[in-house]
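Given next are the chains, with one letter for each unit.
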Amino acid sequence: MKPIRTRFAPSPTGFLHVGNVRAALFPWLVARHNNGAFVLRIEDTDRAREVEGAIDVMKETLNWMGMTWDEGPDVGGPYGPYLQTERTEIYKKWAQKLISKGLAYADPYTPEEVQAFRDQAKAEKRAFLYRDHRPTNPPAWDGSQPLRFKIPEIKAYHWHDEIMGDLSAGPEALDDFIIIKSDGLPTYNFAHVVDDYEMGITHVIRGLEYIASQPKYLALYEALEIPVPVLAHAPHIMAEDGKKKLGKRDGAKSILDYKAQGFLPEAMLNFLASLGWNDGTEQEIFSRQELIDKFSLDRVQRSGARFDEQRLLWMNGHYIRELSVDELFERSRDFWPEAAASASDEFKKQVLGLIQERLKFLAEIPELTAFFFSDLPVNMELINGNKQLKKFEHIELKTLLEQAKEQITASDFTATDLTERLNQLLETTSQKPGVLFSLIRIATTQAPASPGLADTLAVLGRETALRRIDATLAAL
RNA sequence: GGCCUCAUCGUCUAACGGUCAGGACACCGGGUUUUCAUCCCGGCAAUCGGAGUUCGAUUCUCCGUGAGGUCACCA
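The model shown is predicted, which means the values in this text are computed figures rather than measured ones. (Residues numbered from 1 in each chain as written. Chains lettered and ligands numbered in written order. Predicted model: local features only at pLDDT ≥ 70, side-chain atom pairs only at ≥ 80, totals over all residues. Heavy atoms only, no water.)

Draft legend 1. Highlighting the protein's contact with RNA strand B. Close to RNA strand B lie 62 residues; Lys 181, Glu 357, Arg 358, Asn 423 and Ser 438 are nearest. Atoms of RNA strand B within 4 Å of the protein belong to the sugar or the phosphate in 73% of instances, the rest to bases. Residue Glu 43 places a side-chain N or O atom 2.8 Å away from a sugar or linking oxygen belonging to RNA strand B. In the model, a sugar or linking oxygen of RNA strand B is placed 2.8 Å from a nitrogen or oxygen of the Glu 284 side chain. Elements with a minimum of two residues in the surface near RNA strand B: helix H4 (111-123), strand E6 (165-169), helix H5 (188-198), strand E11 (305-306), helix H10 (309-322), helix H16 (415-429) and helix H17 (433-445). (Near = heavy atom within 4 Å. Polar contact = N/O pair within 3.5 Å; in protein donor to acceptor, adjacent residues only side chain to side chain. Helix = DSSP H or I, 4+ residues; strand = E, 2+ residues; numbered from the N terminus.)

Rendered as structure tokens:
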């Protein structure tokens, strides 16, 4: 059996956003699921739109996601080159075949003339078809005019799509289209058909924006006498508000922005895969390997899915909680606040252990951990605004805090000893935890929220805890 | 506008023509010795509308409606 080969073929016009990466994910999963090859091909035939450095950013994105490619620029492979601008001879060869069969001709019109045809059709409320203006005696193609494919037979097409099912289109979908531009470079419409064949691509998996031109491609496959690969068109990811396709213009963020915010690639992978795909069970969390094992195109949704960042957040939190503290520490290296610069790795790991369960993305680390690394100014609002503590006079709170200080001073500062002493204090002061613990917690952290009291004190250490208690005492 | 496609809770989705239409996120309530969070329990919430086929339609057909895609010397 022929090995399965899929490809992701971006044009280097900018960063990769969520929709782009999802477009790469499905072919990648199909390749991995079938032990096939995943090819990265750069479609750089529009030199005007090319963005410097875009290829590197795309590679970085794919690498971060763990979506590795078997062939492509740099890594090479048996079907290179993988940059379309380096394949012009190949396109010329195939174009020549079309010319010799009488199925391609030089376009004698100027762009303005073609536009005039278009405007005229519009004014008459007709659909514009270039083939209505097909020149009877086109000049020989010298490479300076665009080369058009001449649709051999105007007919309806019926074909199968692995995701969308059986599709069809009427003859109106067929029109002569440019295959080689006047700058000598091929158009997408031509180049991808040639390249997919030359590169042995068995499954063309892409976004549904190409469905409308599929009949043209089908006609081209016939004219070129090459087999039609398996076709699969995936619906788009929609912007969070509205129902438009998610795109850069709608403010879609680069995947690397999510990386910078401390989203985990495994969460992003899981999230993107389950946006528009499920395995038919109630499973929500899929590891990379499970995704590879279970993915199939026939379970991909036919309608577009809204990008729901809440769900991404939830999933990312889930994956963060699954990490060991050591792993979490490794991944958190770039996210510490400045004040943590002098803290030891060991201390940071202890802190991470305490905040892990409330972390949704790594960029939250500074705000969640600030009080572990530096003394925050005493904020009486925390006490005065606390619904338990506001009922007390400051003098009462001061007495309570002094009693707490005694116990804390005497503790060996293990979490268990601290817990024991805190519980004793509950009895000796006959106070509710809501009062006593809130008071100590606020005094020692000066934060509106923090991890459990005993654990927090143990990590903070005696010196820091007492220093902060004294500061609050002085303010009461 | 022409052509193509899609349509289940707010969102992502499940459901051989026969289910009390299930799960997850979000939201609301309760519990786990303070707060935030985790975790557990509970709640709210959907088959776009109309015909037809059928003993029976979320599921099949048609018509509406809504939405998306596409009509480039862009991909």
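Draft legend 2. A look at the side chain of Thr 445. By the element assignment, Thr 445 lies in helix H17. In terms of polar contacts, Thr 445 uses its side chain to reach the backbone carbonyl oxygen of Arg 441, at 2.7 Å.

Draft legend 3. Inspection of the packing of helix H15 (residues 394-410) against H17 at higher detail. H17 packs onto H15 with a crossing angle of 75 degrees between their chain directions and a minimal axis gap of 10 Å. As judged from the angle between their axes, H15 and H17 are roughly perpendicular. Along the contact surface, H15 presents Leu 397, Leu 400, Leu 401, Ala 404 and Ile 408, while H17 presents Val 435, Leu 436, Leu 439, Ile 440 and Ala 443. For the contact of H15 with H17, a count of residues per class yields 10 nonpolar, no polar and no charged. (Axes fitted to C-alpha atoms, helices over the stretch in contact; angles between N-to-C directions. Parallel < 35°, antiparallel > 145°, perpendicular 65-115°, else oblique. Contact = heavy atoms within 4.5 Å. Nonpolar A, V, L, I, M, F, W, Y, C, P; charged D, E, K, R; others polar.)

Draft legend 4. Molecular detail of the pattern of salt bridges. Applying the stated rule across the entire model yields 29 salt bridges. Across the pair Asp 70 and Arg 32 runs a salt bridge, and its minimum N-O distance is 3.1 Å. Placement of Asp 70 in the loop between helix H2 (54-65) and helix H3 (88-100) and of Arg 32 in helix H1 (residues 18-33) is noted, with a sequence separation of 38 residues between them. The partner of Glu 153 in a salt bridge is Lys 155, and the shortest N-O contact between them spans 3.7 Å. (Salt bridge = Lys/Arg side-chain N within 4 Å of Asp/Glu carboxyl O.)

Draft legend 5. View of H10. The end-to-end C-alpha distance of H10, which contains 14 residues, comes to 20 Å, matching closely the 20 Å that a straight helix rising 1.5 Å per residue would cover. On its buried face, H10 is in contact with helix H7 (255-260), helix H8 (265-274) and helix H11 (325-331). One side-chain oxygen at the N-terminal end of H10 lies 3.1 Å from the backbone nitrogen of Gln 310; it belongs to Asp 308. (Expected span 1.5 Å × (residues − 1).)

Draft legend 6. Inspection of the packing of aromatic side chains at higher detail. Across all of its chains, the model carries 16 aromatic pairs by this definition. Consider the rings of Phe 263 and Phe 361, whose centres lie 5.7 Å apart with planes at 5 degrees: the pair is stacked. Of this pair, Phe 263 sits in the loop between H7 and H8 while Phe 361 sits in the loop between helix H12 (345-355) and helix H13 (365-373), and the two are 98 residues apart along the sequence. Centroid distance Phe 347 to Phe 373: 5.7 Å. Interplanar angle 75 degrees. Geometry classified as edge-to-face. Highlighted residues: Phe 347 in helix H12 and Phe 373 in helix H13, separated in sequence by 26 residues. By relative accessible area, Phe 373 is classed as buried at 15%. (Phe/Tyr/Trp six-rings, centres within 6.5 Å; stacked < 30°, edge-to-face > 60°. Buried < 20%, exposed > 50% of the residue type's maximum accessible area, 1.4 Å probe, protein only.)

Draft legend 7. Broad picture of the nonpolar core. Core analysis: the biggest nonpolar cluster contains 115 residues, and Leu 98, Phe 149, Ile 179, Phe 190 and Leu 272 have the highest contact counts within it. It is H1 that provides the largest number of residues to this core, a total of nine residues. Once residues lying within four places of it in the same chain are set aside, the contact partners of Leu 272 are Val 18, Val 21, Arg 22, Leu 25, Met 65, Ile 237 and Ile 255. If you look at the next biggest cluster of nonpolar residues, it comprises 28 residues, including Phe 413, Leu 418, Leu 436 and Leu 439. (Core = buried A, V, L, I, M, F, W, Y, C linked by side-chain atoms within 4.5 Å.)

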